[in-house]
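Structural overview for review
Spelled out from the first residue to the last, the chains are:
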Amino acid sequence: MRKKINLLFIVLMTIVVGARADEGMWLPYSINGQNLADMQRLGCKLTAEQIFSFNQPSLKDAIVQFGGGCTGELISPEGLLLTNHHCGLSYVQTHASVEHDYLQDGFWAYSKDQELPNEGLTVSFLNHIEDVTEEMLFGTTTCPTEWGRAEIIRRNKNKIINDRKGDRDVRVEIIPFYHGNQYILFIYDVYKDVRLVACPPWGIGKYGADTDNWTWPRHKGDFCIFRVYTAPDGTPAEYSPNNIPMKSKHFLPISLKGVQPGDYAMIMGYPGSTNRYSSSGDVKNVIEQEGPAIVACRTAKLEQYRKHMDADQAVFIKYASKQASVSNYWKYYIGQIKQLQRNKVVEKRIEQESAFRNWVNADESRKAQYADIFDEEDQYWNHQAKFKKAIIYHREAGLRGSEAVTFSIRFEEIQGAMKDGADKDEINELTKSLKAAADSYFKDYDKETDRDVTIALLNLFYKDVNPDQLPATIKKVGDKTGGDFTAFVDNAFAKSIFVDQDKLNAWLDNPKSLSKDPIYALMMDIFHSMDILRQAANSVNDLRARRLYMKGLMEMQKDRNFYPDANFTMRLTYGSVQDCEPADGVTYNYITTLDGVMAKYVPGNWEFDVPQELIKLWENKDYGRYANENGDLVVNFITTNDITGGNSGSPVIDAEGNLIGLAFDGNWEAMSGDLSFENEVQRTICMDMRYLLFIIDKMANAQNLMQEITIVE
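Here goes a summary of the coordinates provided. Being a predicted model, the structure only gives us computed values, none of them experimental.

Looking only at helices and strands, one finds 28 helices and 22 strands in the chain. A globule of 713 residues ought to have a C-alpha radius of gyration of about 27 Å, and the chain, at 26 Å, matches this closely. When its C-alpha atoms are laid out on the principal axes, the chain stretches across 75 × 70 × 60 Å. For the chain, buried positions account for 58% of its 713 residues.

Moving on, we come to empty space enclosed by the protein. Inspection of every chain in the model, using the stated rule, returns three cavities of 30 Å³ or more. Approximately 70 Å³ is the volume found for the largest cavity. What lines the largest cavity is simply His179, Tyr277, Ser278, Ser279, Asp282, Ile373, Glu377, Ala545, Arg546, Tyr549 and Met550. Elements with a contribution of two residues or more to the lining of the largest cavity: helix H14 (373–384) and helix H24 (543–556). Taken together, the residues of the lining of the largest cavity sort by class into five nonpolar, three polar and three charged. Of the volumes computed, that of the second largest cavity is approximately 40 Å³. Together, Ala397, Gly398, Gly401, Ser402, Val405, Val453, Thr454, Leu457, Leu458, Leu522 and Ile526 line the second largest cavity. Sorting the residues of the lining of the second largest cavity by element identifies helix H15 (388–399), helix H19 (447–464) and helix H23 (518–537) as the ones contributing at least two each. Ranked by the residues each element gives to the lining of the second largest cavity, the list is headed by H19, at four residues. When the residues that make up the lining of the second largest cavity are grouped by side-chain class, the tally is seven nonpolar, four polar and no charged.

In this section: the pairing of strand E3 (residues 80–83). Neither face of E3 is open: one carries Leu80 and Leu82, the other Leu81 and Thr83, and all of them are buried. Summarising the sheet, strand E2 (residues 70–74) and E3 pair through two bridges and their orientation is antiparallel. Note that in E3 the partner of glutamate 73 across the bridge is leucine 82. Between E2 and E3, which follow one another and run antiparallel, lie five residues, and glycine 79 among them has a positive phi close to 75°.

Residues Leu504, Trp507 and Leu508 constitute the buried set of helix H22 (residues 501–509). Projected onto a plane normal to the axis of H22, the buried residues spread over an arc of 100° and lie on a single side. Turned more than 90 degrees away from the buried face of H22 sit Asp502 and Asp509, all of them exposed.

A separate point is the state of the cysteines. Counted under the stated rule, the structure contains one disulfide. Between the sulfur atoms of cysteine 70 and its disulfide mate cysteine 87 the distance is 2.1 Å. Because the torsion about its S-S bond is -85°, the bridge between cysteine 70 and cysteine 87 counts as left-handed. Within this pair, whereas cysteine 70 is found in strand E2, its partner cysteine 87 is found in helix H4 (residues 85–95), the two being separated by 17 residues in sequence. By relative accessible area, cysteine 87 is classed as buried at 7%. The thiol of cysteine 44 is unpaired, and the distance to the nearest cysteine sulfur, on cysteine 686, comes to 16 Å. As a non-bridged cysteine, cysteine 580 has cysteine 686 as the owner of its nearest cysteine sulfur, 13 Å distant.

Let's shift gears to the environment of arginine 625. Following the sequence through the fold, arginine 625 ends up in the loop between helix H26 (612–619) and strand E18 (634–639). Since its relative accessible area comes to 43%, arginine 625 is described here as partly exposed. As a C-alpha pair, arginine 625 and phenylalanine 694 span 69 residues in sequence and 8.5 Å in three-dimensional space. Setting aside residues no more than four positions away along its own chain, arginine 625 makes contact with Leu256, Met706, Ile711 and Glu713.

Our focus in this paragraph is the packing of aromatic side chains. Counted under the stated rule, the structure contains 42 aromatic pairs. Centroid distance tryptophan 202 to phenylalanine 316: 5.1 Å. Interplanar angle 65°. Geometry classified as edge-to-face. Residue tryptophan 202 is found in helix H8 (residues 202–205), and its partner phenylalanine 316 is found in helix H11 (residues 313–342); the two are separated by 114 residues along the sequence. Residue classification places phenylalanine 316 among the buried positions, given a relative accessible area of 6%.

Take the pattern of salt bridges next. Inspection of every chain in the model, using the stated rule, returns 41 salt bridges. Among the salt bridges present, the one from lysine 348 reaches glutamate 678, with a minimum N-O distance of 3.4 Å. Of this pair, lysine 348 sits in helix H12 (residues 345–361) while glutamate 678 is found in the loop between strand E20 (659–666) and strand E21 (684–688), placing the two residues 330 residues apart along the sequence. Looking at lysine 348, the relative accessible area reads 38%, which means it is partly exposed. One salt bridge connects arginine 690 with aspartate 688, and the closest N-O pair in it is separated by 2.9 Å. Aspartate 688 shares its class with arginine 690; the two are buried.

This paragraph deals with the packing of H15 against H19. Put simply, H15 and H19 touch, their axes get as near as 10 Å, and they point 170° apart. On the basis of their axis angle, the class for H15 and H19 is roughly antiparallel. In contact with Lys389, Tyr393, His394, Glu396, Ala397 and Gly398 of H15, H19 contributes Leu457, Leu458, Leu460, Phe461 and Asp464. Here the residues of the contact of H15 with H19 sort into six nonpolar, two polar and three charged.

Axis separation between H26 and helix H27 (residues 689–699) bottoms out at 11 Å; the angle between their running directions is 105°. Judged by the inter-axis angle, H26 sits roughly perpendicular to H27. On H27, the residues that touch Glu613, Leu614 and Leu617 of H26 are Tyr691, Phe694, Ile695, Lys698 and Met699.

Let us now look at a negative patch on the surface. Taken together, the side chains of Glu413, Asp420, Asp423, Asp425, Glu426 and Glu429 make up a negatively charged region of the molecular surface. Broken down by element, the residue count for the negative patch peaks at three residues, all from helix H18 (residues 424–443). Of the residues examined, aspartate 425 reaches a relative accessible area of 59% and is grouped as exposed.

On to unusual backbone geometry. With an omega of 10°, the peptide bond running from tryptophan 216 to proline 217 counts as cis. Within the secondary structure, proline 217 is located in the loop between helix H9 (209–212) and strand E10 (224–230). Phi angles above zero are rare outside glycine, and alanine 209 is one such case at about 40°. If you trace the backbone, alanine 209 turns up in helix H9. By relative accessible area, alanine 209 is classed as buried at 7%.

Criteria and cut-off values
- Residues numbered from 1 in each chain as written.
- Predicted model: local features only at pLDDT ≥ 70, side-chain atom pairs only at ≥ 80, totals over all residues.
- Heavy atoms only, no water.
- Helix = DSSP H or I, 4+ residues; strand = E, 2+ residues; numbered from the N terminus.
- Rg over C-alpha atoms; globule rule 2.2 N^0.38 Å.
- Buried < 20%, exposed > 50% of the residue type's maximum accessible area, 1.4 Å probe, protein only.
- 1 Å grid on protein atoms, 1.4 Å probe; cavity = no way out; pocket = protein on both sides within 12 Å on 5 of 7 lines; lining within 4 Å.
- Points joined across faces, edges and corners; volume = space filled by probe spheres on them.
- Nonpolar A, V, L, I, M, F, W, Y, C, P; charged D, E, K, R; others polar.
- Pairing = 2+ DSSP bridges.
- Arc of directions from axis to C-beta.
- Disulfide = S-S within 2.5 Å.
- Contact = heavy atoms within 4.5 Å.
- Phe/Tyr/Trp six-rings, centres within 6.5 Å; stacked < 30°, edge-to-face > 60°.
- Salt bridge = Lys/Arg side-chain N within 4 Å of Asp/Glu carboxyl O.
- Axes fitted to C-alpha atoms, helices over the stretch in contact; angles between N-to-C directions.
- Parallel < 35°, antiparallel > 145°, perpendicular 65-115°, else oblique.
- Patch = residues over 30% accessible without salt bridge, like charges linked within 9 Å, V, L, I, M, F, W, Y side chains within 5 Å.
- Areas by Shrake-Rupley, 256 points an atom, 1.4 Å probe, with all protein chains shown as cover.
- Lys, Arg positive; Asp, Glu negative; His and termini not counted.
- Charge placed at Lys NZ, Arg CZ, Asp CG, Glu CD.

Spatial relationships are all this shows, so hold off on functional conclusions.
As structure tokens, this is what we get:
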């Protein structure tokens, strides 16, 4: 039976006794009671219905899932959409060339007919929520095994989604909360015609690049602007020249008031993943296994990217987005490992687990339900330790290492179809799709760069992974050459169709077995080896232990603030603009200014160069109405909000519901935040909206956009 979010869930969501208001990624449809009172105490002047409502336009209607992992917000009545530069970078890059270097020089559409379509880019608006826990768990109570329980849940999920979706053109998802103790259904309207409107030059949107990433102070104009288009009747539609700009149900006015310490700040968006109720085993795994393996593989990859990007502007354009993507979580894991240790998160988890054991042992009925949880956890992590590192190397240095290897995975389907005797029409459909994919792949591919990346990663793979866990090809070649894969890769690149578009197109005109293609054979060998490792690793699981530990914690700590872990569903976090004192004797101001940008300026440096137009405006202090009370142009500011990956591009909203900032990062001192919120030092780094308007108005002179945006003085 269908039902709305149940009362117990709302009660759980609104308990905040003993917790600071700035911690918590709240489900905005449950904001009422104590939560709303705390928000109002901090200065919020909005009602719960103004924030989230299905019955009237609300802030919710301006917030979108942008692409595959960011947030965006509408800022005009005609579907103008704001997100981060790093969220839009890959789409800007597809339009860039040496002749039209939109990465370096920026892009501005001065009329709607100049806006550029982006194949594959979608934005999603939330239109329905429903608690389906009872339906999802139907039939699981008597199931004797965890795998059997999972299979029942999978079947229930498919049935519910099919029932709710029907023949509607919507996306329906059912997401587990609290490690599978609750399930919520979400329905989204998905818009597929999203066009690029504006992107600042590299020296603004990417200023500071890898050096400044995940740190404060920052000085970056991290924004891109798009526009959502619809069919003439206002419904979602594929790209068409007949489509019209979206008529926004709600959009965010932009405030010129600026920020001061203590000002209310609220962020709504789609945070990706946190794991704050995990065991000490989870944390140890990140520190000892997962983190170091990812850092090692990505360091090797980035060294080769940087070498070739620095030597050739054409390669820089092709690899700018790829490099940024790899680099982002390379530095993230470096910081996370360091801060998990510095903030003693393992010790905190062990202390919590000890308290939980004492609580369980004090009651016979609790002992019957929870006593064996940590035995299961210990067994699980002792087992996983045998496989984690090798599995990560198979992924990072193998299947996601060489671009040629990664691209060859797409051809597994057509090989299987041919082996199964598929008819000519089916093969033709597959080759047609692969031809389109090949055009996109080779547009941004450099053979020499990929060659050096492949050599470096295979050398590392062989050196760092236990011999009995290596793919057969890598072990054979490495044993023969002493771990030098140069000759092997050179031979593979000379023969493979996956590094030469002419060879690939010829193959697509007459497809046949790829068993002798050295890149495809390597991919299949890595894939097969990884499958064996995963099956062995998955023979022991902790799904039951995680679920029961979460349930038990919520019973034991009835007054604790149990907001759910992030899972790429809409969340709200509230806090305030504040300075930060991350270490003894260190104090960070809450704002940075354009003076700070110029203090870091290094002409010709890919991270710290700036456009000449910006220099001239700075020299003349030509900031117009965008300067603060001291005559400075504020670039970035920090707040106490609780965010994570996926919040990139989220709006920072003031007490009246106006846009004051654009969230784009967290700070180095709190890189453990996905596993443990650090109340004293955790900060969200935001771009000030006055800097956005300054760039649009004074530097780009995009008066078409200025006329469209609503500005609150």
